[in-house]
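For reference, the chains in residue letters:
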Amino acid sequence: MAWCHGFLVVLATLLLVIRAQKVYNNAELNIVEGVLPQPSRARSTPSKNVFVLEHVRVQTLSVNGCSEGDKSRKCNDTNQFVQRTAGRFLGAVQLLNATSAYKRSRHPTLRPRREHLDNVMHDNAVVNIDITLGSALDRSDNTEESLLNLLQHGVDESYSLKIFPPAGHSHSVDISIEASTVFGVNHAFITLEQLVNKWDCAGIVLYDLPIEIEDKPRFVHRGLLLDTSRHFIPITQLQRIIDGMSMLKLNIFHWHMIDAQSFPLHSKAAPKLVDGAYDADATYKLEDIRVLVRHAFDRGGQIIPEIDVPGHAASWGIGYPNITVDCPVRVSHDERLVEHGLDKIALNPLLDETYDVVLSLLSEVFSLFPSQYIHLGGDEVDEDCWLSNDQIKAWKQVNGNQRQWKTQLHSLFMKRISSHAKKHGKVPILWDEALDLNDLPSETVIQVWRWWLPRGTRRAQHKNYKTISSLGYYLDYADNTWEKMYDRAIPMAESTLTMGGEACSWMEHADEQSVENRIFQRLPALAERLWSNAEVRRNDRTLPRIAHSLCRMKKTKFLSVSSLFPDFCSIPQYKNYPTTDYSVPFDQKEEL
């Protein structure tokens, strides 16, 4: 009898658990839920009125310090930036309009809440956009470099966006954008792009007006690392990836351009380095870099290059064989030779020629990238490989503490390289192995990645270094799902030394055919973690929001990324991705 009573208790408990299971909210997304990352503050007003947009006009641009008709350099730069930003918005809306609406299952439980309501009132409207800017793009001289230098960490990216329904008998939807900088205006247009929707029965629509949004980022560093050494990625595809990052309001493209496997960068300062490229067609010319830097700038993004030294240097030795320690025996002991064996080959820190090549290359790289930061790597130096060199072995006996010799030699090299960066006004970023080194510049930033070591961020900040977290954000690990990335908190997030975070796409097992899907299926999760308020949590609306965002990326940025659940996303049929920007003149109607 006792066993029967126990069985009934267990059965009753199971029934309670089953009845208490979560019922997911499968309703169609409301208009503000379509914005990703989630804004700091957003409010919309449910309404049966739907406005079909026929024309868009940037009616006024008011810039503090610029009067009407002002043709000064700063006012002209600002006007052109805003016109290109508005042009990208208009182009995206036109692409949305050229395809059918995003759709999920037609089952009644998932039925869209708007298009199937008989009493929705459609009204054609013209969109008038008024923009107020707190400051102009005021560069110091006529050079392109001085313009690009205006975008640095800590620039004000905040904005406010207000959308008002037509008043009285007017057919005008009025939009107000206010921002301190053009980079805030860029984010406002991205948000506006996510607020407009395509309905098959009407066209491009806005609804639930008025809408009011106040928005700003949580962290100053919101990034993606992409490795283009293990597999070459064409410059046009890098532009596409930066476009997708911009849509997610990510502002840092960390370009790990060279590594052991290939050296795809052309250099005037050290011209033989490019001999380490896979192929002459798998290289980046200096003009390619200038184009990409400007492309990112126009979308509010910086490019931080990584020249990883002294490890991972096999490709350097193709053109300059004297400067590397090759250690063939050590390399051959690695079971995946080309993948990780080559990574053990390092630069020789005891040769003057090594510094001649490295410092001249760095000086050239500093001039190509306006960011105040330079990533110098500093990770995974193999002790046994270095000891295969007689000169280093002798140095160890004379100069190095027998237990700490590698740290001393590594520190000697990084100190000289970091001092060179500082002399050129650059702040070095290093991987967290650098925490074991001596005499680093106090302004050094540590990128924490080794998840198996506890308290890496705390250790770095205890030494008063600023930090960037990549813990749990490695995209080459399939088990780092979007859910895990979304739920993972940035360590010591409230510390003033915490700059933000970065997803990392190491490319041993991905190439140009698969990289976009690998990156963008999960990048929206991290983007929301880095931009939105700390209180924002994953819920039953997060997955459909990400899926909807991925469809927009495919429609308007031509990214090749798979959905996260069943849906239908019609893609514009274009053979080539358009790389030129379209500028919208002020006070001129542009037809949708």
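Residues numbered from 1 in each chain as written. Predicted model: local features only at pLDDT ≥ 70, side-chain atom pairs only at ≥ 80, totals over all residues. Heavy atoms only, no water.

Enquirer: Break down the overall build of the protein for me, citing the residues and quoting the values.
Expert: Helices and strands together make up the secondary structure of the protein, namely 18 helices and 19 strands. For the C-alpha atoms alone, the extent of the protein along its principal axes is close to 95 × 85 × 45 Å. Residues counted as buried form 57% of the 592 residues belonging to the protein. Of the roughly 25,500 Å² of accessible surface on the protein, 50% is carried by carbon and sulfur atoms. In the protein, 65 positive and 73 negative side-chain charges are present, and the distance between their average locations comes to 5 Å. (Helix = DSSP H or I, 4+ residues; strand = E, 2+ residues; numbered from the N terminus. Buried < 20%, exposed > 50% of the residue type's maximum accessible area, 1.4 Å probe, protein only. Areas by Shrake-Rupley, 256 points an atom, 1.4 Å probe, with all protein chains shown as cover. Lys, Arg positive; Asp, Glu negative; His and termini not counted. Charge placed at Lys NZ, Arg CZ, Asp CG, Glu CD.)

Enquirer: How would you summarise the nonpolar core if you had to cite specific residues and measurements?
Expert: Counting residues in each nonpolar core, the largest one holds 143 residues, and the members touching the most others are Ile163, Trp255 and Trp316. In terms of residue count, the dominant contributor to this core is helix 10 (residues 352–368) (9 residues). With near-sequence residues (within four places) excluded, Ile163 lies in contact with Val173, Asp174, Ile175, Leu192, Leu195, Leu206, Leu209, Pro210 and Ile211. Of all hydrophobic cores here, the second largest spans 15 residues; its members include Ala346, Trp386, Ile392 and Trp395. (Core = buried A, V, L, I, M, F, W, Y, C linked by side-chain atoms within 4.5 Å. Contact = heavy atoms within 4.5 Å.)

Enquirer: Run through the sheet that holds strand 18 (residues 498–505), naming residues and quoting values.
Expert: Spatial ordering of the closed barrel is given by 9-10-11-14-15-16-17-18, a layout of 8 strands whose pairing is parallel. Adjacent strand axes in the sheet meet at a mean angle of 30 degrees when their direction is disregarded. Where strand 15 (residues 427–431) meets strand 16 (residues 445–448), 3 bridges bridge the pair, whose relative direction is parallel. Within strand 16, the residue paired with Leu430 across the bridge is Ile446. Sheet strands touched by helix 13 (residues 405–423): strand 11 (302–309), strand 14 (373–377) and strand 15. Its angle to strand 14, the strand with the most contacts, is close to 165 degrees. (Pairing = 2+ DSSP bridges. Axes fitted to C-alpha atoms, helices over the stretch in contact; angles between N-to-C directions.)

Enquirer: Summarise the confidence of the model for the protein; cite the residues concerned and give the values.
Expert: Overall, the predicted model of the protein reaches an average pLDDT of 90, with 91% of residues at or above 70. Note on residues 114–118: pLDDT under 50 across the span, and 10 contacts to partners over four residues away in sequence or across chains. (pLDDT = per-residue confidence, 0-100.)

Enquirer: Can you tell me about the packing of helix 5 (residues 235–247) against helix 6 (residues 286–297), naming the residues and giving the values?
Expert: With their axes 10 Å apart at the nearest point, helix 5 and helix 6 run at an angle of 15 degrees to one another. By the angle between their axes, helix 5 is roughly parallel relative to helix 6. Helix 5 and helix 6 meet at a crossing whose hand is right-handed. Of the residues in helix 6, those touching helix 5 at Ile235, Leu238, Gln239, Ile242 and Asp243 are Asp288, Val291, Leu292, His295 and Ala296. Grouping the constituent residues of the contact of helix 5 with helix 6 by class yields 6 nonpolar, 2 polar and 2 charged. (Parallel < 35°, antiparallel > 145°, perpendicular 65-115°, else oblique. Left-handed = near helix turned anticlockwise from the far one by under 90°. Nonpolar A, V, L, I, M, F, W, Y, C, P; charged D, E, K, R; others polar.)

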